[in-house]
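Here's the letter readout for the chains.
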Amino acid sequence: MIHSDFSRRLASLPLWQVGLALLLVCVVTMEWFYAPGGHFHNRLQRELFVWPLALLLMAGYVLLLNYFPTDRPLTPIEKAVVVVGGILITTIAAVTVPFHSTDVYGYINRGWQQVAYGTNPYVTVIKALPGWKQDAMLTNHWISNPCPYGFAFALAAKQLVAWGGGVLSDTLALFKLTNALVHIGLGLLLAWVASKTQVNNPTAPWKAFAEWTFHPLLLVHHLANGHNDVWMGALLAGAVALSLSVQKRDVWALFAITLSALMKYATVLVWPLWAVWLVAQRRWMTLLFGVLGSAATVWLLGLPYWHGMLTQAPLNQIVDNATLTHSSVHSLVYYAFRTVAKLMGHEWITLAPLVFSLVKVGLMALLGMTVLWSAQRVWKHYRITQESHQEPLSPTALLTTVWEPMLTVLCVGVGIVSLKFYPWYVGMVLPSVLMLAQQSLLRRAVMAVAVVQVLSITILGQARMADCIVLLLLPLLWVLWSHRCAQNQTATS
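Only a predicted model underlies this, so the values are computations on that prediction, with no experimental measurement involved. Once a new chain begins, its residue numbering starts again from 1 and follows that chain's sequence as written. Residue-level local features of this predicted model are given only where pLDDT is at least 70; pairs of side-chain atoms are given and counted only at 80 or more, and the full residue set underlies all totals for whole chains, interfaces and linings. Side-chain metrics in this entry use all non-hydrogen atoms of the structure; hydrogen atoms and water are not considered.

**Topic: the nonpolar core**
Nonpolar side chains in soluble globular proteins tend to be buried together. Using the following cut-off: Residue types Ala, Val, Leu, Ile, Met, Phe, Trp, Tyr and Cys, when buried and joined through side-chain atoms within 4.5 Å, form a set referred to as a nonpolar core. Burial status follows relative accessibility: with a 1.4 Å probe on protein chains alone, a residue under 20% of its type maximum counts as buried, one over 50% as exposed, and anything between as partly exposed. In this text, helices come from DSSP runs of H or I with a minimum length of four residues, and strands from runs of E with a minimum of two, each type numbered from the N-terminal end. For this analysis, residues touch if any pair of their heavy atoms sits within 4.5 Å.
Ranked by internal contacts, the top residues of the largest apolar core, which has 151 residues, are Leu64, Phe175, Trp274, Trp277, Trp403 and Met406. Here the element with the most residues in this core is helix H18 (residues 395–417); it accounts for 13 residues. Among all residues touching leucine 64, those that are not within four sequence positions of it are Trp16, Gly19, Leu20, Leu23, Ala210 and Phe214.

Here it is in structure tokens:
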């Protein structure tokens, strides 16, 4: 009784606004602290700052979501608070100096070598450029490996750098502005999807906008540090939204998936599964146009880069970069074995390469089984729908029965099977996953990981083995355990 009364009193307070304000204060403080430079302070000072920052960002976001009004429409003032607050926090985070990662300078390198040197970023590495150390636009980042991203990214980087006019600060600002615009655009897209899938909940679009816009992982990694994963995530989310539209623009969804894969390759896992969905419906012409259009898109966007790219040396370098192991499940198992092997003796250390390969094969087998499960689920559901003469799938049903298994494959590929995993990789899948129903197990698992990954800006993000255990596996296991307990409770009640 006391607990229930306390909960009602808490719910009557504007705690979601307190959480929103706390997030704003944290981001303002973050911008102030790093204004002199990402590494202006020593390591101890940075750790003493980022631990409270990360924990308060997480606390503010939890308050925002848990106490966001759902039992009544928002007032005009509350709507203004959400929109203005979202734009304000996006702007502040975007102008923050990159402090955790310098990847955005690597993006600028890829663009500048095309604009100023006329070189192919898939063939010529930065350190091969004459006098690159004296070029103020080039940074000592990714100087030994070819471009690890797709043609769409290479072209976008080239255009943004060209607009930057050879001024590094202006070019950095353009990359940050692009991420800020994509960030707000995705918030609006998620609000639109919520209005289609939760028609009886007038606050759903506003909460969807806030859930994305104020997410601390996005504020830290994709806005402040400027990572490009959200570009890929935005195109995939666009594909989902196109499939939910009244006209069922499935062929355009295929193009959007293709463009997404041409930003970062992971989305290629979704393409064949969407093709299975079209085959199940016997939509042969849509599939044909999708295949031809996607192939033409890859060929056209690759025209500036094909020459010299398909030789052995560039391909080997691209593959070598993709197979590095870091902060992943594979990395955890591999380094755990090496640690134990060192204690057991030299002969065990010699088995490390074999263990490396076996774990990789095992993870690929897991991905293959997940793909087959997803394809079977998509195919089976459509056949059941046809046999029972049901109406075409509603947006909600399409998300649950088609997109959720597809996104499960992508999440397993990016989060579990990939040889390397960085916290900003979550930006690839988060926009689309947030479109799923609130009770979706996949949604809850990805959200738990996304929130905990805010701690990656602390020493935990660089602690070998602990990074994967604490920041990835523990939140996943917690969600799975909670789900299992809820199922058991339902079965016994």
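**Digging into a nonpolar patch on the surface**
As a reminder, the rule being used: For patches, a residue must show more than 30% relative accessible area and have no salt bridge; joins then use 9 Å for like charges and 5 Å for nonpolar side chains, namely Val, Leu, Ile, Met, Phe, Trp and Tyr. Each accessible area is a Shrake-Rupley estimate made with a 1.4 Å probe; only the visible protein chains count as cover when residues are assessed. Salt bridges are identified by distance alone: a Lys or Arg side-chain nitrogen within 4 Å of an Asp or Glu carboxyl oxygen.
On the surface, Val340, Leu343, Met344, Trp348, Leu351, Leu354 and Leu358 cluster together to form a nonpolar patch covering roughly 690 Å² of accessible area. Among the secondary structure elements, those contributing two or more residues to the nonpolar patch are helix H15 (329–344) and helix H17 (352–387). Broken down by element, the nonpolar patch gets its largest block of residues, three residues, from H15. Counting through the fold element by element, methionine 344 comes out in helix H15. Look at methionine 344 and you get partly exposed, because its relative accessible area is 45%.

**Comments concerning the side chain of serine 245**
What counts, and what does not: Counted as a polar contact is a pair of N or O atoms within 3.5 Å, where, for protein atoms, one must be capable of donating a hydrogen and the other of accepting one, and residues adjacent in sequence contribute only when both atoms are in side chains.
By the secondary structure assignment, serine 245 is in the loop between helix H10 (229–244) and helix H11 (250–261). Residue serine 245 is classed as buried on the basis of its relative accessible area, which comes to 12%. A distance of 2.7 Å separates the side chain of serine 245 from the backbone oxygen of leucine 242, its partner in a polar contact.

**Points about the side chain of serine 294**
Position of serine 294 relative to the elements: it lies in helix H13 (residues 284–302). Every residue in contact with serine 294, bar those within four places of it in the chain, is listed here: Leu254, Phe255, Thr258 and Trp271.

**Considering the environment of arginine 72**
Assignment of secondary structure puts arginine 72 in the loop between helix H3 (43–66) and helix H4 (76–95). On the basis of relative accessible area, arginine 72 is assigned to the partly exposed category, the value being 33%. When the C-alpha positions of arginine 72 and proline 202 are compared, they lie 7.7 Å apart, and in sequence the two are 130 residues distant. Residue contacts for arginine 72: discarding those within four places in its chain leaves Glu78 and Thr203. A distance of 2.8 Å separates a polar atom in the side chain of arginine 72 from a polar atom in the side chain of glutamate 78.

**A few points about the packing of aromatic side chains**
Applicable threshold: Note on aromatic pairs: the rings of Phe, Tyr and Trp (six-membered ring only in Trp) are paired at centre separations within 6.5 Å, and the planes decide the class, stacked below 30 degrees, edge-to-face beyond 60, tilted for the rest.
Counting across every chain of the model gives 25 aromatic pairs. Measuring from centroid to centroid gives 5.2 Å for tyrosine 122 and tyrosine 305, while their planes differ by 70 degrees, and the two rings are edge-to-face. With tyrosine 122 in the loop between helix H5 (103–115) and helix H6 (151–164) and tyrosine 305 in the loop between H13 and helix H14 (312–322), this pair connects stretches of sequence that are 183 residues apart. On the basis of relative accessibility, which here comes to 0%, the residue tyrosine 122 falls in the buried class. Plain terms: the ring middles of tryptophan 252 and phenylalanine 255 are 5.3 Å apart, the flat faces sit at 75 degrees to each other, and that makes the pair edge-to-face.

**Quick word on H6**
Keep this limit in mind: Take the residue count of a helix, subtract one, and multiply by 1.5 Å to get its expected span.
Under the 1.5 Å per step criterion, the end-to-end length of H6 is 20 Å for 14 residues, consistent within 8% with the ideal 20 Å. For H6, the set of buried residues is Phe151, Ala152, Phe153, Ala154, Ala157, Leu160, Val161 and Gly164. Of the residues one or two after H6, glycine 165 is the one with positive phi, at around 65 degrees.

**Re unusual backbone geometry**
Positive phi, close to 60 degrees, is recorded for arginine 282, a residue that is not glycine. Tracing the chain through its elements places arginine 282 in the loop between helix H12 (271–280) and H13. The exposed category is assigned to arginine 282, whose relative accessible area is 53%. Even without being glycine, methionine 465 reaches a positive phi, approximately 80 degrees. Residue position: methionine 465 is located in the loop between helix H20 (441–452) and helix H21 (466–492).

Remember that the coordinates give geometry; whether it matters functionally is a separate question.
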